[in-house]
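Report on the structure
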Amino acid sequence: MQNATVPTLIGLAPVLDANVRILVLGSFPGAASLAAGQYYAHPRNQFWRLISSVVGEDLAALPYAERLPRLLAHGVGLWDVLGECERVGSLDSAIRKPAANDFDRLRELCPRLVTVGFNGQASGKFAPQFAAAGYRTVVLPSSSPAHMAMSFEQKLDVWSRLRGDEQRGPTVSQSPLF
(Lines give C-alpha, C1' and ligand atoms only; values in the text may rest on other atoms or scores of the structure.)
Protein backbone atom coordinates (compact mmCIF):
# COMPACT_ATOMS: atom_id res chain seq x y z
CA MET A 1 0.00 0.00 0.00
CA GLN A 2 1.46 3.34 -1.05
CA ASN A 3 1.27 6.52 0.99
CA ALA A 4 -0.61 9.32 -0.74
CA THR A 5 1.61 12.21 -1.74
CA VAL A 6 0.76 15.42 0.07
CA PRO A 7 1.20 18.39 -2.25
CA THR A 8 3.15 21.47 -1.25
CA LEU A 9 0.74 24.35 -0.71
CA ILE A 10 1.69 27.95 -1.54
CA GLY A 11 0.28 30.76 0.60
CA LEU A 12 -1.35 34.02 -0.42
CA ALA A 13 0.44 37.18 -1.51
CA PRO A 14 1.04 39.75 1.23
CA VAL A 15 -1.29 42.72 1.57
CA LEU A 16 1.23 45.50 2.29
CA ASP A 17 2.10 49.05 1.38
CA ALA A 18 4.40 51.78 2.67
CA ASN A 19 1.73 53.13 5.06
CA VAL A 20 1.19 49.89 7.00
CA ARG A 21 1.64 50.53 10.75
CA ILE A 22 0.07 47.26 11.94
CA LEU A 23 0.72 43.88 10.34
CA VAL A 24 -1.42 40.86 11.21
CA LEU A 25 0.34 37.56 10.56
CA GLY A 26 -1.56 34.30 10.43
CA SER A 27 0.11 30.91 10.32
CA PHE A 28 -0.95 29.66 6.87
CA PRO A 29 -4.26 30.03 4.99
CA GLY A 30 -6.87 27.37 5.59
CA ALA A 31 -8.33 25.26 2.80
CA ALA A 32 -11.29 27.63 2.25
CA SER A 33 -8.95 30.62 1.97
CA LEU A 34 -6.61 28.87 -0.44
CA ALA A 35 -9.53 27.71 -2.60
CA ALA A 36 -11.00 31.23 -2.70
CA GLY A 37 -7.64 32.99 -2.96
CA GLN A 38 -8.77 35.21 -0.08
CA TYR A 39 -7.51 35.80 3.45
CA TYR A 40 -9.87 34.44 6.11
CA ALA A 41 -12.49 33.15 3.65
CA HIS A 42 -14.07 30.52 5.93
CA PRO A 43 -17.52 31.89 6.81
CA ARG A 44 -17.10 31.07 10.52
CA ASN A 45 -13.66 32.67 10.82
CA GLN A 46 -14.03 35.78 12.98
CA PHE A 47 -11.09 37.72 11.50
CA TRP A 48 -13.10 40.23 9.47
CA ARG A 49 -15.47 40.94 12.37
CA LEU A 50 -12.55 41.36 14.79
CA ILE A 51 -10.46 43.61 12.54
CA SER A 52 -13.59 45.64 11.67
CA SER A 53 -13.99 46.44 15.37
CA VAL A 54 -10.29 47.30 15.66
CA VAL A 55 -10.29 49.76 12.74
CA GLY A 56 -13.81 51.12 13.31
CA GLU A 57 -15.21 50.24 9.86
CA ASP A 58 -17.41 47.27 8.95
CA LEU A 59 -15.06 45.61 6.49
CA ALA A 60 -16.95 42.32 6.85
CA ALA A 61 -19.94 43.89 5.06
CA LEU A 62 -17.84 44.76 2.00
CA PRO A 63 -17.08 42.48 -0.94
CA TYR A 64 -13.61 40.96 -0.52
CA ALA A 65 -12.10 43.04 -3.34
CA GLU A 66 -13.06 46.20 -1.43
CA ARG A 67 -11.89 44.96 1.99
CA LEU A 68 -8.16 44.92 1.22
CA PRO A 69 -7.81 48.55 0.03
CA ARG A 70 -9.92 49.70 3.00
CA LEU A 71 -7.78 47.65 5.39
CA LEU A 72 -4.65 49.26 3.94
CA ALA A 73 -6.30 52.69 4.25
CA HIS A 74 -6.44 52.01 8.00
CA GLY A 75 -2.70 51.21 8.01
CA VAL A 76 -3.23 47.48 8.50
CA GLY A 77 -1.54 44.78 6.40
CA LEU A 78 -1.97 41.01 6.18
CA TRP A 79 0.39 38.13 5.60
CA ASP A 80 1.29 34.75 7.04
CA VAL A 81 4.41 33.55 8.78
CA LEU A 82 4.59 30.58 6.43
CA GLY A 83 4.90 30.92 2.68
CA GLU A 84 4.46 27.24 1.96
CA CYS A 85 3.96 23.91 3.66
CA GLU A 86 2.43 20.49 3.30
CA ARG A 87 -0.92 20.02 4.99
CA VAL A 88 -4.08 17.99 4.67
CA GLY A 89 -7.07 19.97 5.93
CA SER A 90 -6.82 23.34 7.63
CA LEU A 91 -5.46 22.70 11.12
CA ASP A 92 -2.09 24.19 12.09
CA SER A 93 -1.29 20.92 13.83
CA ALA A 94 -1.39 19.19 10.42
CA ILE A 95 1.33 21.43 8.92
CA ARG A 96 4.41 19.56 7.73
CA LYS A 97 7.58 20.88 6.08
CA PRO A 98 6.88 24.54 6.89
CA ALA A 99 8.85 27.24 5.08
CA ALA A 100 8.74 30.76 6.53
CA ASN A 101 8.03 33.80 4.40
CA ASP A 102 10.97 36.09 3.66
CA PHE A 103 10.61 39.02 6.04
CA ASP A 104 14.03 40.53 5.29
CA ARG A 105 12.54 43.33 3.18
CA LEU A 106 9.75 44.21 5.62
CA ARG A 107 11.40 47.46 6.83
CA GLU A 108 11.90 48.54 3.24
CA LEU A 109 8.34 47.65 2.17
CA CYS A 110 6.64 48.93 5.34
CA PRO A 111 8.86 51.68 6.79
CA ARG A 112 6.07 52.85 9.16
CA LEU A 113 5.42 49.39 10.60
CA VAL A 114 5.34 49.46 14.40
CA THR A 115 3.08 46.62 15.59
CA VAL A 116 2.98 43.00 14.47
CA GLY A 117 -0.01 40.96 15.62
CA PHE A 118 0.07 37.19 15.45
CA ASN A 119 -3.29 35.54 14.77
CA GLY A 120 -3.00 32.49 17.03
CA GLN A 121 -0.34 30.54 18.87
CA ALA A 122 1.21 28.91 15.78
CA SER A 123 2.13 32.25 14.23
CA GLY A 124 2.85 33.63 17.71
CA LYS A 125 5.94 31.41 17.87
CA PHE A 126 7.56 34.00 15.58
CA ALA A 127 6.87 36.91 17.97
CA PRO A 128 10.30 36.84 19.68
CA GLN A 129 12.06 37.31 16.33
CA PHE A 130 9.93 40.35 15.49
CA ALA A 131 10.34 41.79 18.99
CA ALA A 132 14.12 41.39 18.68
CA ALA A 133 13.91 43.35 15.41
CA GLY A 134 12.31 46.23 17.31
CA TYR A 135 8.64 45.72 16.56
CA ARG A 136 5.87 45.84 19.14
CA THR A 137 4.28 42.36 19.14
CA VAL A 138 0.86 41.13 20.22
CA VAL A 139 -0.02 37.42 20.20
CA LEU A 140 -3.76 37.30 19.52
CA PRO A 141 -6.31 34.59 20.18
CA SER A 142 -6.95 32.81 16.89
CA SER A 143 -9.88 34.01 14.80
CA SER A 144 -10.23 30.46 13.43
CA PRO A 145 -13.49 28.56 13.84
CA ALA A 146 -11.37 25.77 15.37
CA HIS A 147 -10.59 28.09 18.31
CA MET A 148 -13.87 28.72 20.09
CA ALA A 149 -12.67 28.50 23.70
CA MET A 150 -13.07 32.28 23.97
CA SER A 151 -16.12 34.37 23.17
CA PHE A 152 -15.98 36.99 20.43
CA GLU A 153 -15.93 39.71 23.12
CA GLN A 154 -13.01 38.06 24.93
CA LYS A 155 -11.07 37.81 21.67
CA LEU A 156 -11.89 41.42 20.79
CA ASP A 157 -10.53 42.58 24.14
CA VAL A 158 -7.11 41.21 23.15
CA TRP A 159 -7.38 42.19 19.47
CA SER A 160 -8.05 45.79 20.54
CA ARG A 161 -4.45 45.92 21.79
CA LEU A 162 -3.37 46.14 18.14
CA ARG A 163 -4.43 49.77 18.05
CA GLY A 164 -2.73 50.57 21.35
CA ASP A 165 -0.01 53.13 21.76
CA GLU A 166 2.18 52.22 18.79
CA GLN A 167 5.15 54.00 20.37
CA ARG A 168 5.19 51.51 23.25
CA GLY A 169 7.09 48.29 23.02
CA PRO A 170 10.59 46.97 22.78
CA THR A 171 13.54 49.26 22.46
CA VAL A 172 15.84 46.52 21.21
CA SER A 173 17.79 47.98 18.27
CA GLN A 174 14.75 49.98 17.27
CA SER A 175 15.37 52.12 14.22
CA PRO A 176 13.14 55.07 13.30
CA LEU A 177 9.89 53.75 11.86
CA PHE A 178 8.12 57.03 11.13
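In this report, the structure presented in the accompanying data block is examined.

Parameters and conventions
Residues numbered from 1 in each chain as written. Predicted model: local features only at pLDDT ≥ 70, side-chain atom pairs only at ≥ 80, totals over all residues. Heavy atoms only, no water. Helix = DSSP H or I, 4+ residues; strand = E, 2+ residues; numbered from the N terminus. Contact = heavy atoms within 4.5 Å. Areas by Shrake-Rupley, 256 points an atom, 1.4 Å probe, with all protein chains shown as cover. Pairing = 2+ DSSP bridges. Axes fitted to C-alpha atoms, helices over the stretch in contact; angles between N-to-C directions.

Along the chain, the regular secondary structure elements total 7 helices and 7 strands. Overall, the chain shows an N-to-C arrangement of helices and strands of β-β-α-α-α-β-β-β-α-β-α-α-β-α. Taking as baseline every contact in the chain between residues at least 6 positions apart, the subset at least 24 positions apart corresponds to 63%. Summed over its atoms, the accessible surface of the chain is roughly 9,200 Å², and 54% of this surface lies on carbon and sulfur atoms.

Quick look at the environment of Leu62 now. Counting through the fold element by element, Leu62 comes out in the loop between helix H2 (47–55) and helix H3 (64–73). Spatially, the C-alpha atoms of Leu62 and Trp48 are 9.9 Å apart, while their sequence positions differ by 14 residues. What Leu62 contacts, discounting residues up to four positions off in sequence, is Glu57, Arg67 and Arg70.

This next bit is on the sheet that holds strand E3 (residues 76–80). Strand order in the open sheet made by the 4 strands is E3-E2-E6-E7, with parallel pairing throughout. Bordering the open sheet on either side are E3 and strand E7 (136–140), each of which pairs with just one other strand. Put simply, the sheet's adjacent strands are angled 20 degrees from each other on average, direction ignored. Here strand E6 (residues 115–119) runs beside E7; their pairing, made up of 5 bridges, is parallel. Of the residues in E7, the one forming a bridge with Asn119 is Leu140. In the packing of helix H7 (residues 152–159) onto the sheet, contacts are made with strand E2 (22–26), E6 and E7, and the angle to E7 comes to roughly 170 degrees.

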